[in-house]
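Architecture at a glance
Each chain, letter by letter, is given below.
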Amino acid sequence: MNKKTIIIALLALITLTTQGQDIHWRIEGTVTNAHPQDSLLLYGTERRGLIARLQIRDGQVVPTEGTCQEPMVCTLVVSKDEDRPQRMYNAVVLENGTVTIDIDFRSKSNCLRHVGGTPMNDELQQLFTRFNTPPSEAGGWEEGIRRVATQLVHKHRDDLLAPFIFVSTCNYFTPPEAFALGHSISERLQMSNGRLHTVLEHLELQQETVEGCMFKELTGTAPDGTSVRLSDFVGHGHYVLLDFWASWCGPCKAEMPHVISLYDRFRDKGLLVVGVTVQDTPERSNAVRSQLNIPFPQVYESKPMSTYGATAIPELILFAPDGTIAIRRRMAIQMWEKKLEEIFKDK
């Protein structure tokens, strides 16, 4: 047998071996508070499109099976009837075995109450358990998320779970902490995983806007179409709470009434709140502003993602009276309220 024949034979053997290693996944579970028209769509997180449509029947997810060449993280999206908008849920990992899910369509927080049944999904549930614990009952809620996320990222630094967990939780760390954790993931994934690569680029920008740094300018338009700058509000002797949000962001709109409540409670003590929209249009922003009766100033059409390196919204940043960044980290709205109570307790 000559050298060329041997190489061809080896390539054929590799192909057959690879074909025999396809991932065989199955999803089943329970659903509460679903409408008859509802179904679950399974999308790949790395631009892989629609993977499967999961049907719901009598409170059960109709068992659905499929194959893929390698394990992959997918996002569950609820496909509703025309009068009810789609809503995104937590993710699941497609890997060998049966994945079990439990979803409550009416949950106001993380609607995926449980995921498990396979090794990676069982580990994801550790993180979801922290997210699903009410902050008021958790005692160190953010610290718990950081602890579990760090453990899982280090354990899975060379597989698909680390980028997903890191991207999902990096805003719960300070920018330097997140920067270090992200770079603990293997260099191969830092280069090949698009979402991870983008977040790490944003975190480099965040190094210039950490706590203690002076604010960076943003320019845009006000709701009435006039020009406006962040410096019109920041650095003039009072605390300014900056709220990054968008009309297309469900969590932003869910959090907005709480931000308005902070504004109403502390404005007479010297707090100014300013909204900054992200990748939005003035028309859509104004529609939500009217719908939610947002009372504080807005900056539309600026470039907050490239200026402040925001990796996810909503995000709040508190500026001190001199214009420096006083607080920049992801916290539950209840923790923001406590921080503001401490700041304004003598005013």
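Placed above this text is the structure.
Residues numbered from 1 in each chain as written. Predicted model: local features only at pLDDT ≥ 70, side-chain atom pairs only at ≥ 80, totals over all residues. Heavy atoms only, no water.

Before going further, it helps to examine the overall build of the protein. Within the protein one finds 12 helices and 15 strands. Here the protein, with 347 residues, has 48% of them falling under the buried criterion. Put simply, the protein shows about 17,200 Å² of open surface, and 50% of that area lies on carbon and sulfur atoms. (Helix = DSSP H or I, 4+ residues; strand = E, 2+ residues; numbered from the N terminus. Buried < 20%, exposed > 50% of the residue type's maximum accessible area, 1.4 Å probe, protein only. Areas by Shrake-Rupley, 256 points an atom, 1.4 Å probe, with all protein chains shown as cover.)

Inspection of every chain in the model, using the stated rule, returns 12 salt bridges. Ionic pairing is found between Glu28 and Arg26, a salt bridge with its closest N-O pair at 3.1 Å. Since its relative accessible area comes to 26%, Arg26 is described here as partly exposed. Lys155 is the salt-bridge partner of Glu123, the closest N and O atoms lying 2.7 Å from each other. Linking Glu123 in helix H2 (residues 119–132) with Lys155 in helix H4 (residues 141–155), this pair joins segments that are 32 residues apart in sequence. (Salt bridge = Lys/Arg side-chain N within 4 Å of Asp/Glu carboxyl O.)

Let's shift gears to the environment of Gly140. With respect to the secondary-structure elements, Gly140 resides in the loop between helix H3 (135–138) and H4. Note: C-alpha distance between Gly140 and Met335 (195 residues apart in sequence) is 10.0 Å.

All chains considered together, the criterion is met by one disulfide. Covalently, Cys249 is tied to Cys252 through a disulfide, its sulfur atoms 2.4 Å apart. The disulfide joining Cys249 to Cys252 has a torsion of about 80° about its S-S bond and is therefore right-handed. (Disulfide = S-S within 2.5 Å.)

Once that is clear, we can look at the sheet that holds strand S13 (residues 298–299). An order of S13-S12-S11-S14-S15 is seen for the five strands of this open sheet, with the pairing classed as mixed. Single-partner strands in this sheet number two, and they are S13 and strand S15 (325–327). With seven bridges connecting them, strand S11 (residues 239–245) and strand S12 (residues 271–277) associate as parallel partners. Bridge pairing links Trp245 to Thr277 in S12. Taken strand by strand, helix H9 (residues 250–266) contacts S11, S12 and strand S14 (315–319), and its axis lies near 165° from that of S11. (Pairing = 2+ DSSP bridges. Contact = heavy atoms within 4.5 Å. Axes fitted to C-alpha atoms, helices over the stretch in contact; angles between N-to-C directions.)

The next thing to look at is unusual backbone geometry. Ile313 connects to Pro314 through a cis peptide bond whose omega is 5°. Relative to the elements of secondary structure, Pro314 occurs in the loop between helix H11 (304–308) and S14. A positive phi angle, close to 45°, is found at Gln279, a residue other than glycine. If you trace the backbone, Gln279 turns up in the loop between S12 and helix H10 (282–292). Residue classification places Gln279 among the exposed residues on the basis of a relative accessible area of 65%. With a phi close to 55°, Asn293 is a non-glycine residue in the positive phi region. Take Asn293: it is sitting in the loop between H10 and S13.

Following the sequence through the fold, Arg289 ends up in helix H10. With 66 residues separating them along the chain, Arg289 and Pro223 place their C-alpha atoms 9.1 Å apart. Sequence-distant contacts of Arg289, that is, excluding residues within four places in its chain, are made with Pro223, Ile294, Gln298 and Tyr300.

Let's shift gears to the packing of H4 against helix H5 (residues 161–169). Here H4 crosses H5 at 155°, and the two axes come no closer than 9 Å. Regarding the angle of H4 to H5, the classification is roughly antiparallel. The two elements H4 and H5 cross, and the hand of that crossing is left-handed. Residues Ile145, Ala149, Leu152 and Val153 of H4 form the contact with H5, whose participating residues are Ala162, Ile165, Phe166 and Thr169. Its residues assigned to classes, the contact of H4 with H5 comprises seven nonpolar, one polar and no charged. (Parallel < 35°, antiparallel > 145°, perpendicular 65-115°, else oblique. Left-handed = near helix turned anticlockwise from the far one by under 90°. Nonpolar A, V, L, I, M, F, W, Y, C, P; charged D, E, K, R; others polar.)

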